[in-house]
Amino acid sequence: MKRLMMILALAAAACNPPARPAAKPAPTAESAPASASAGQGALCPPWNGRFDPKGPLWLQVARTREGAFVQFSPRGVRRDPVTCETEAQVRILHREAQDWTSDDGRIEVAYAKEVLAYRFRCGSAAFLLTQRRFLGQGEKVIHAESYPSDESAWRPISSGGPAAILWGPVCQPPRR
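Keep in mind that what you see is a predicted model, and the values were worked out from it rather than measured.

K.L.:
Mind showing me how you'd approach the pairing of strand E6 (residues 126–135) here?
P.N.:
Of all ten residues in E6, seven are buried, a share of seventy percent or more. In textbook terms, the turn of a hairpin is the stretch between consecutive antiparallel strands, and for strand E5 (residues 108–121) and E6 this stretch comprises four residues, one of which, alanine 125, has a positive phi near 50°. Note: E6 against strand E8 (residues 155–156), two bridges, orientation antiparallel. Bridging across to E8, alanine 126 finds its partner in proline 156. Sheet topology note: the E6/strand E7 (residues 141–146) ladder contains five bridges and is antiparallel. Considered in E7, the bridge of arginine 132 is made with glutamate 145. In sequence, E6 turns back onto E7 through a hairpin of five residues, with glycine 138 there showing a positive phi of about 65°.

K.L.:
I would appreciate a short explanation of the state of the cysteines in the present structure.
P.N.:
When the sulfur atoms of two cysteines share a covalent bond, that bond is a disulfide. As enumerated under the stated definition, the model contains one disulfide in all. Shown here is the disulfide that connects cysteine 122 with cysteine 171, its sulfur atoms set 2.0 Å apart. An S-S torsion of about -65° defines the bridge between cysteine 122 and cysteine 171 as left-handed. With a gap of 49 residues between them, cysteine 122 in the loop between E5 and E6 and cysteine 171 in helix H3 (residues 161–171) connect regions that are remote in the sequence. Grouping residues by exposure puts cysteine 122 and cysteine 171 together as buried.

K.L.:
Would you explain the pattern of salt bridges in this entry?
P.N.:
Between side chains of opposite charge, a pair can form as their charged atoms come close. This structure, assessed with the given rule, holds seven salt bridges. Of the charged contacts, one joins glutamate 139 and arginine 91 as a salt bridge, the two residues approaching to 3.6 Å between their closest N and O atoms. Here the residue glutamate 139 occupies a position in the loop between E6 and E7, and arginine 91 occupies one in strand E4 (residues 86–101), the gap between them amounting to 48 residues. Looking at arginine 91, the relative accessible area reads 12%, which means it is buried. The salt bridge partner of aspartate 104 is arginine 106, with a shortest N-O separation of 4.0 Å.

K.L.:
So what exactly am I meant to see when it comes to the nonpolar core here?
P.N.:
Note that soluble globular proteins tend to have their nonpolar side chains buried in a common cluster. Counting 19 residues, the largest nonpolar core has Phe72, Ala88, Tyr118, Phe120, Leu166 and Val170 as the members making the most contacts within it. Put simply, the parts of the chain that give this core at least two residues each are strand E2 (69–72), E4, E5 and H3. Sort the elements by how many residues they give to this core and H3 lands first, with five residues.

How each quantity is defined
- Residues numbered from 1 in each chain as written.
- Predicted model: local features only at pLDDT ≥ 70, side-chain atom pairs only at ≥ 80, totals over all residues.
- Heavy atoms only, no water.
- Buried < 20%, exposed > 50% of the residue type's maximum accessible area, 1.4 Å probe, protein only.
- Helix = DSSP H or I, 4+ residues; strand = E, 2+ residues; numbered from the N terminus.
- Pairing = 2+ DSSP bridges.
- Disulfide = S-S within 2.5 Å.
- Salt bridge = Lys/Arg side-chain N within 4 Å of Asp/Glu carboxyl O.
- Core = buried A, V, L, I, M, F, W, Y, C linked by side-chain atoms within 4.5 Å.

Structure below.
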């Protein structure tokens, strides 16, 4: 009977995540309990945003100082059930063509749209940028840059910028 009550309590806790994700840091792959890898269930519930799953693929969430539209894709949000890291994408639609040159000067790209892939540690309000794709005509990727995702690449979320705009819809639990 005690074992059944413990299982029910754990199941209830998994279904009702804490209201404030910043209360404790999200576990990392290194600090995840052995029970998670032993197949006893996920540590994090799947992402359940406050957006209609049949709604638009991209939602406008902000505008830049230059007038570019910043859009968020709620359908593309994914949460790792063990680490609780949550991935989301942002699309930026620039008003005018933009030029980008690689650090070594070997690649030059003219683009009007870009898609940024972010990974969040919601509990500790940290993020990293994992990929940037430059889009040409017809949403065709004309160049992609991948960025390191090691521990030193994680940054705290500060006010302003796409990461701060995304943190709310990606990391806050949905209103019920």
